[in-house]
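Inside the fold
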Amino acid sequence: QKKFHSHSPSVLTYQTRPVTDNNCNPNQQKNMGSIISNLALCISYLTCSAAGSLCGACLGTNKSDDIAPGPTSGRKRSVFLLLLALTLAFVFQYALAPAIDDNSDLINWVPVAGSHLVDAWNSGCTYDDIEDANIRSDYQEICKGHAGVYRIGFVASLFFAFAALASTVKRTANRISWGPKYMLFLLGCFFSIFIDNDPLFNDVFLNLARIGASLFIVLQNVILIDMAYNWNDAWVINANTAERENGDGAGNKWLAAILGLAVLMFIFSITSVGLMYHYYGGCDINEAFISITLIMIVAITGVQLSGEDGSLLTSAIISAYAAYLAFTSMSKNPDGDCNPFLGENNALGIVIGVGFTLISLTWAGFSLTAEKRLSSSGASITDSLLEHDNENDTTSAAQPTVVGGLVTGDANNDDPESQGVRVDSVPDADYSTHWKLNVVLMLVVCWFSVSLTGWGTVESSGNAANPDTGKVSMWMIIVSQWLTLGIYLWTLLAPRLFPDRDFS
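Rules of the game
Residues numbered from 1 in each chain as written. Predicted model: local features only at pLDDT ≥ 70, side-chain atom pairs only at ≥ 80, totals over all residues. Heavy atoms only, no water. Helix = DSSP H or I, 4+ residues; strand = E, 2+ residues; numbered from the N terminus. Buried < 20%, exposed > 50% of the residue type's maximum accessible area, 1.4 Å probe, protein only. Disulfide = S-S within 2.5 Å. Phe/Tyr/Trp six-rings, centres within 6.5 Å; stacked < 30°, edge-to-face > 60°. Lys NZ or Arg CZ within 6 Å of the ring centre and 35° of its normal. Axes fitted to C-alpha atoms, helices over the stretch in contact; angles between N-to-C directions. Left-handed = near helix turned anticlockwise from the far one by under 90°. Contact = heavy atoms within 4.5 Å. Nonpolar A, V, L, I, M, F, W, Y, C, P; charged D, E, K, R; others polar. pLDDT = per-residue confidence, 0-100. Polar contact = N/O pair within 3.5 Å; in protein donor to acceptor, adjacent residues only side chain to side chain. Expected span 1.5 Å × (residues − 1). Core = buried A, V, L, I, M, F, W, Y, C linked by side-chain atoms within 4.5 Å. Salt bridge = Lys/Arg side-chain N within 4 Å of Asp/Glu carboxyl O.

On to the overall build of the protein, then. Scanning the protein from N- to C-terminus turns up 15 helices and four strands. Every one of the 504 residues in the protein was classed for burial, and the buried ones make up 40%.

Rendered as structure tokens:
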């Protein structure tokens, strides 16, 4: 408190005296501080303990090495790393690459390494033969963005390649140490920023990614056709099993489901063709794609109905997939006159474009790494069930049935990881899917590396609202459709052309 004394009109003096609070006891203050400190310490301990348990569960450190891993152990964590790689690829392509410029604030903020970053990211992106300065500048920016995607793709591919190798040496390698794995991946992405584009990214990795992406297209088509066949086989087996166990007519519901689903898919296919003619017609290349799709749908359905091989449901699934690929191909056309739904490069268009790409590619990695799609056991199980069905063997309802990736009943009972089975008691053959899981994800990385960059062509690149738009992407998708239809048509014709061979 201050008490002022006035000795003259112009001079003010004051004296101070301490403030005392008779209601505040120093011992009480000390006790209250101790209580608050102890409470804060308990909350911190509980928070850290919960976070540690959560990280242990999410990062794969909550099981002993003695417990045998499941057939797809580490699959979710691997696919999450794929999603992380996709996100970083977008960040590098559309945020980091434009910021690495001589006049950018980022380069000025990093005075020592800034000039090296500019040289590294412009390496291999000079277009001195182009006279127009604006076009040359645009090509350089697109090339730098592509190099950003290649950096993430290279690190992710290297990660999954080493993971596949490690899973062949150590059985539990795909399950353990995911915390350090994520940190190692992020460090690799960080250090890749300082590596020159040429020759590692623009030449070496790009060509390897093109090969891997082509293999991924073939693998995806073969898996789809196999799934379509096994889907029909599974429902036919269910129908025959119901007939044996519950009497005549009990399996009609499964046969009706097969017929109903086939009709719905054919309706979808024909409706899609009509809508594509309506919205994408008027452009010669679009009309050619749609017409070929319609002719091939009619052809494969006619060939299937004229023989004993194949099934109506399988033809319907392939037809619906062919219609989807035709639409997807035309939606990648960068020509606005042929693509009326070309996304605008605004905030909403960017969110939709990036979001759809992230979801679709992540789902591709997740669905293609399912256990029965990575091993030959699905086909062998299907064959054995069909043999038992032909011999009128009964199947216990308590036993799970797994047919080509389709599961009826409780198929988790045989998972050694969920039962805590010791690793030494599981045969080596049960671990054959671990390295395949990582190889498939590596091929998915190659696919998104070229899909987001127009297969390495600068001229046909898209933007953030249309991240995978480009003429090369358009042609690759439509060729994938022709490949799918061709493979399926061959599966129908091969038994007729070579009746002495066994194609089962």
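This part is about the state of the cysteines. What we call a disulfide is simply a covalent bond connecting the sulfur atoms of a pair of cysteines. Evaluation of the coordinates by the stated rule reveals two disulfides. Here cysteine 125 pairs with cysteine 143 through a disulfide, and the sulfurs are 2.0 Å apart. Taking the sign of the S-S torsion, about -70 degrees here, the bridge from cysteine 125 to cysteine 143 comes out left-handed. Separated by 18 residues along the polypeptide, cysteine 125 in the loop between α4 (114–122) and α5 (133–169) and cysteine 143 in helix α5 bring together distant segments of the chain.

What follows deals with the packing of aromatic side chains. Enumeration over the complete set of coordinates arrives at 22 aromatic pairs. Both rings, one in phenylalanine 190 and one in phenylalanine 194, keep their centres 5.5 Å apart while their planes meet at 75 degrees; by these two values the pair is edge-to-face. Taken together, the ring pairs in this structure connect Phe80, Phe159, Phe160, Trp178, Tyr182 and Phe185 into an aromatic cluster. The aromatic ring of tryptophan 121 is capped on one face by arginine 151, whose charged end is 4.1 Å from the ring centroid.

Viewed as axis vectors pointing N to C, helix α7 (residues 200–246) and helix α10 (residues 312–331) meet at an angle of 145 degrees, and their least axial separation amounts to 8 Å. Crossing handedness for the pair α7 and α10: right-handed. Contacts between α7 and α10 involve Gln220, Asn221, Leu224, Ile225, Ala228, Tyr229, Trp231 and Asn232 on the former and, on the latter, Leu313, Thr314, Ile317, Ile318 and Tyr321. In the contact of α7 with α10, the residues fall into nine nonpolar, four polar and no charged.

Averaged over the protein, the pLDDT score is 74; the fraction of residues at 70 or greater is 64%. Per-element averaging of pLDDT across the protein places strand β4 (residues 406–408) at the bottom with 33 and helix α9 (residues 284–305) at the top with 93. When the criterion is pLDDT under 50, residues 376–416 qualifies, and its contacts beyond four places in sequence or with other chains add up to 55 contacts. A low-confidence stretch, residues 418–431 stays under pLDDT 50, and its non-local contacts, those more than four residues away or across chains, total 28 contacts.

Before going further, it helps to spend a moment on the environment of phenylalanine 194. Relative to the helices and strands, phenylalanine 194 is located in the loop between α6 (178–192) and α7. Residue phenylalanine 194 is classed as partly exposed on the basis of its relative accessible area of 30%. Taking the C-alpha atoms as reference, phenylalanine 194 lies 8.5 Å from alanine 113; in sequence the two are 81 residues apart.

You can see tyrosine 229 is positioned in helix α7. Separated by 2.8 Å, the side chains of tyrosine 229 and threonine 491 make a polar contact.

For the rest of this paragraph, the subject is the packing of α5 against α6. The N-to-C vectors of α5 and α6 enclose an angle of 145 degrees; their axes lie 9 Å apart at closest approach. Judged by the sense of rotation from one axis to the other, the crossing of α5 with α6 is right-handed. Contacts from Arg151, Ile152, Val155, Ala156 and Phe159 of α5 reach α6 at Trp178, Lys181, Phe185, Gly188, Cys189 and Ser192. For the contact of α5 with α6, a count of residues per class yields seven nonpolar, two polar and two charged.

Turning our attention to α10. With 20 residues, α10 should cover 28 Å at 1.5 Å per step; its first-to-last C-alpha distance of 29 Å lies within 8% of that length. Counting buried positions over the 20 residues of α10 gives 16, a clear majority of the element.

What follows deals with the nonpolar core. Counting residues in each nonpolar core, the largest one holds 47 residues, and the members touching the most others are Leu81, Trp121, Ile152, Phe185 and Phe448. Breaking this core down by element, the ones donating at least two residues are α2 (75–99), α4, α5, α6, α7 and α14 (432–451). By residue number, the principal contributor to this core is α2, which donates eleven residues. What isoleucine 152 contacts, discounting residues up to four positions off in sequence, is Ala85, Leu88, Ala89, Phe92 and Cys189. Core analysis: the next-biggest nonpolar cluster, separate from the first, contains 25 residues, Ile225, Leu261, Ala320 and Tyr488 among them.

Our next topic: the pattern of salt bridges. Taken as a whole and judged by the stated rule, the model has one salt bridge. A salt bridge links glutamate 141 to lysine 144; its shortest N-O distance comes to 3.6 Å. With glutamate 141 and lysine 144 both in helix α5 and three residues apart, the pair spans about one turn of that helix. The buried category is assigned to lysine 144, whose relative accessible area is 1%.

Along the chain, aspartate 198 connects to proline 199 via a cis peptide bond; the corresponding omega equals 0 degrees. Within the element layout of this structure, proline 199 appears in the loop between α6 and α7.

Okay, the environment of alanine 163 next. Note on placement: alanine 163 falls in helix α5. The spatial distance from the C-alpha of alanine 163 to the C-alpha of alanine 173 is 7.5 Å, given a sequence separation of ten residues.

A separate point is the side chain of asparagine 221. Examined against the element boundaries, asparagine 221 turns out to sit in helix α7. Within the structure, asparagine 221 has its side chain in polar contact with the backbone oxygen of serine 480 (distance 3.4 Å). One polar contact links asparagine 221 to threonine 484, side chain to side chain, over a distance of 2.8 Å. When residues no more than four places from it in sequence are discounted, the contact partners of asparagine 221 are Tyr321, Ser480, Leu483 and Thr484.

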